[in-house]
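Residue-level structural notes
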Amino acid sequence: MNLSRRKLLTGAAALATMAALPPLTTAAPAGVTLRVVKRSIDVSGRAASVFGIRQPDGTAGLELIHGMPFGLRLENQSGEETLVHWHGLAPPPDQDGVPGLSQPLLAPGAAYDYGFPLRRPGTFWMHSHYRLQEQQLLAAPLIVNDPVDFFTGLTDVVIMLHDFTFRDPQEIYAELTGGGTMMDHSAVGQGMEMGEGGMAGMDHGAMPMPMGMAHLNDVEFDAYLANDRTLDDPEIVAVEPGRGVRLRIINASASTNFWIDLGALKGALLAVDGSDCLAVDGGGAPAGRWFPLAMSQRIDIALYRMPPGAHPILAQREGGTARTGIVLVTPNAAIARVPAQAAEPAPALTLDLELRCTPRTPQIARAADRRLTLDLTGSMMGYVWGLNGRIYGGHRPLSVRQGERVEIEMVNRTDMSHPMHLHGHTFQVVEIDGQRIGGPMRDTALVPVNGRVAIAFDADNPGRWALHCHNLYHMNAGMMRTLEYEA
Ligand SMILES: [Cu+2]
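Now for a description of the structure that goes with this document. (Residues numbered from 1 in each chain as written. Predicted model: local features only at pLDDT ≥ 70, side-chain atom pairs only at ≥ 80, totals over all residues. Heavy atoms only, no water.)

**Thoughts on the overall build of the protein**
Looking only at helices and strands, the protein features four helices and 31 strands. Per-residue burial for the protein yields a buried fraction of 57% across its 487 residues. Taking contacts inside the protein between residues at least 6 apart in sequence as the whole, the part at least 24 apart equals 78%. When the accessible surface of the protein is split by element, carbon and sulfur atoms take 54% of a total near 18,900 Å². (Helix = DSSP H or I, 4+ residues; strand = E, 2+ residues; numbered from the N terminus. Buried < 20%, exposed > 50% of the residue type's maximum accessible area, 1.4 Å probe, protein only. Contact = heavy atoms within 4.5 Å. Areas by Shrake-Rupley, 256 points an atom, 1.4 Å probe, with all protein chains shown as cover.)

**A closer look at the sheet that holds strand β7 (residues 122-128)**
Strand order in this open sheet of four strands is β3-β8-β7-β5, and the pairing throughout is mixed. Where the open sheet ends on each side, the last strands, each with one partner, are β3 (62-65) and β5 (84-87). With strand direction ignored, the average angle separating the axes of adjacent strands in the sheet is 20°. In this structure, β7 lies alongside strand β8 (residues 139-145), joined through six bridges in antiparallel fashion. (Pairing = 2+ DSSP bridges. Axes fitted to C-alpha atoms, helices over the stretch in contact; angles between N-to-C directions.)

**Quick word on the pattern of salt bridges**
This model, assessed by the stated rule, comprises 33 salt bridges. Glu 407 is paired through a salt bridge with Arg 436; the nearest N and O atoms lie 2.7 Å apart. Highlighted residues: Glu 407 in strand β23 (residues 405-412) and Arg 436 in strand β26 (residues 435-436), separated in sequence by 29 residues. Linked by salt bridges that have partners in common, Arg 371, Glu 407, Glu 409, Glu 431, Arg 436 and Arg 452 make up one network. (Salt bridge = Lys/Arg side-chain N within 4 Å of Asp/Glu carboxyl O.)

**What to know about the state of the cysteines**
Evaluated as defined, the whole model comprises one disulfide. Across the disulfide, Cys 277 is cross-linked to Cys 357 (sulfur-sulfur distance 2.0 Å). Its S-S torsion of approximately -85° makes the covalent link between Cys 277 and Cys 357 left-handed. Separated by 80 residues along the polypeptide, Cys 277 in strand β15 (residues 275-280) and Cys 357 in the loop between α3 (352-356) and β20 (370-379) bring together distant segments of the chain. You can call Cys 357 buried: its relative accessible area is 2%. (Disulfide = S-S within 2.5 Å.)

**Structural notes on the packing of aromatic side chains**
Within the structure shown, the criterion is met by nine aromatic pairs. Seen from their ring centres, Phe 70 and Phe 116 are 4.5 Å apart, and the 35° between their planes marks the pair as tilted. Taken as a pair, Phe 70 in strand β4 (residues 70-76) and Phe 116 in strand β6 (residues 111-116) lie far apart in primary sequence, 46 residues in all. The pair Phe 70 / Phe 116 is uniform in exposure class, with both members buried. Ring plane angle 90° and centroid distance 6.3 Å describe the contact between Tyr 112 and Tyr 114, whose orientation is recorded as edge-to-face. Residue class for Tyr 114 comes out buried when judged on its relative accessible area of 0%. The cationic tip of Lys 38 hangs over the ring face of Phe 51; the distance from NZ or CZ to the ring centre is 4.8 Å. Over the face of the ring belonging to Phe 166 we find Arg 46, whose NZ or CZ atom lies 3.9 Å from the ring centre. (Phe/Tyr/Trp six-rings, centres within 6.5 Å; stacked < 30°, edge-to-face > 60°. Lys NZ or Arg CZ within 6 Å of the ring centre and 35° of its normal.)

**Remarks on the coordination of the copper ion**
The copper ion binds to the protein through His 418 (ND1), Cys 469 (SG) and His 474 (ND1), with metal-donor distances spanning 2.0 to 2.1 Å. Each donor residue of the copper ion lies on one chain, and together they are spaced H-x50-C-x4-H. With His 418 in strand β24 (residues 418-422) and Cys 469 in strand β30 (residues 464-469), this residue pair connects regions lying 51 residues apart in the sequence. Given a relative accessible area of 0%, Cys 469 falls into the buried group. (Donors = N, O, S within 2.8 Å, 3.2 Å for Na, K, Ca; no water.)

**Some words on the environment of Leu 328**
Relative to the helices and strands, Leu 328 is located in strand β19 (residues 323-329). When its relative accessible area of 0% is taken as the criterion, Leu 328 is described as buried. When the C-alpha atoms of Leu 328 and Met 306 are compared, they prove to be 9.1 Å apart, with 22 residues separating the residues in sequence. Those residues in contact with Leu 328 that lie beyond four places of it in its chain are Val 157, Val 237, Val 239, Val 245, Leu 247, Leu 303, Met 306, Gly 309, Ala 310, His 311 and Ile 313.

**Quick look at the pairing of strand β31 (residues 480-485)**
Remark: a regular strand shows side chains that alternate across the two faces of the sheet. Across the six residues that make up β31, a large majority, five, are buried. As judged from the three bridges shared by strand β22 (residues 398-400) and β31, these two strands associate in the parallel manner. The residue bridging Leu 398 from the neighbouring strand is Leu 483, located in β31.

**Brief notes about helix α2 (residues 169-177)**
The complete set of buried residues in α2 reads Pro 169, Ile 172, Tyr 173, Leu 176 and Thr 177. Each buried residue of α2 sits inside an arc of 120° when the element is viewed along its axis, so together they form one side. Those residues of α2 that are buried are in contact with α4 (472-477). The backbone nitrogen of Gln 170 has a side-chain oxygen 2.9 Å away, supplied by the residue at the start of α2, namely Asp 168. Of the residues trailing α2, Gly 178 is marked for its positive phi of about 65°. (Arc of directions from axis to C-beta. Polar contact = N/O pair within 3.5 Å; in protein donor to acceptor, adjacent residues only side chain to side chain.)

The values reported here are purely geometric and, on their own, carry no functional implication.
Now the structure itself:
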């Protein structure tokens, strides 16, 4: 991540050139190739076959400079059908990577070209949106550098977190559902459409749960990975004492919310989900050392003036003691082994950070033109998860009109929290449990058990978009709906 000043000037020149050009709307690979591949990694001394998204030189994912277009060719060398979603970016709808909604599946041996303008710098990621491939690590970082930002002198450290299982995720899904069928994305669009009063597609789980019944984890994992490694053999990142580090942490887990634990270090929050915050200390206790990170969310944290020594940066699963992480090390520091189990289980994630992170670039204040309510419904019983009591394909799309300010209040009527992700738009968290806030700009909002969270966004990207829970098993069980623009 050490872009030289010369490179920066090249980037700035490119930015100036870009401004004079019309927006790029057609596919135009700018010499960048990404390949979906199968690869083998070592987890606790055992080989595991997983996916990856690699450049030809082996680099995972992609790093771009804001102002340049997003342009690449995606080749599928994995031997399986797939489709990749650019999480947090706002592509045209036909490049969003949701099977059956934006594009057909990418066949083995085939390639797609992608090209569209980037709206903002930040920490994003890419992942398969097809079936359970994300559980098999079909994901990679997507970093959009801010050319202006290079002068801050922070060294970037990207950390991608995964929950890992040696099992076939289909087997886990079958166990959870008692053999239930998985949502087939590719059938959506041709599927049934009916009023909310119909019976088909009901999840029978719309009853509110009593307080105190929260359930935190559906799946037991074999390991938790930070940049593909466990704490038994963590990535060691060399840092300079006295210099600053920016952590860009991506929760690419299929089914795990984490607390980021900085140990003895104190961090300042720079951004969530790729959108800058006015820097604040952490949202959990102790302040500045614990930060909540739900599935698919990202967090950028600055560590100013690294002290000498070895500094583990940990991620601990909510509701458990298991953790993963990397170690930042200054020269000649002794590296102590960090146990993969913490002494105490971590609590459930909270929304404290939403109250404390003021976005650097908030939305323009404006009354909502349209307010929608979405009940998050379902239960572990039968493992059917839905929205407004229906599974995906069993309801009409949420309807918006271009130019509107739209608010969606999500009301959690289940006994699990749900990280709700909206495609194609960046929203602001504007209400928690009925209290108006000027919360962060995000693409994924956690809705806790018994909680209500309202998001607001401008309908500025016409198309058909997915709105879904980013717990991979919940989504596949039906917790997804489309949002569509009226003609
Ligand atoms: Cu969910």
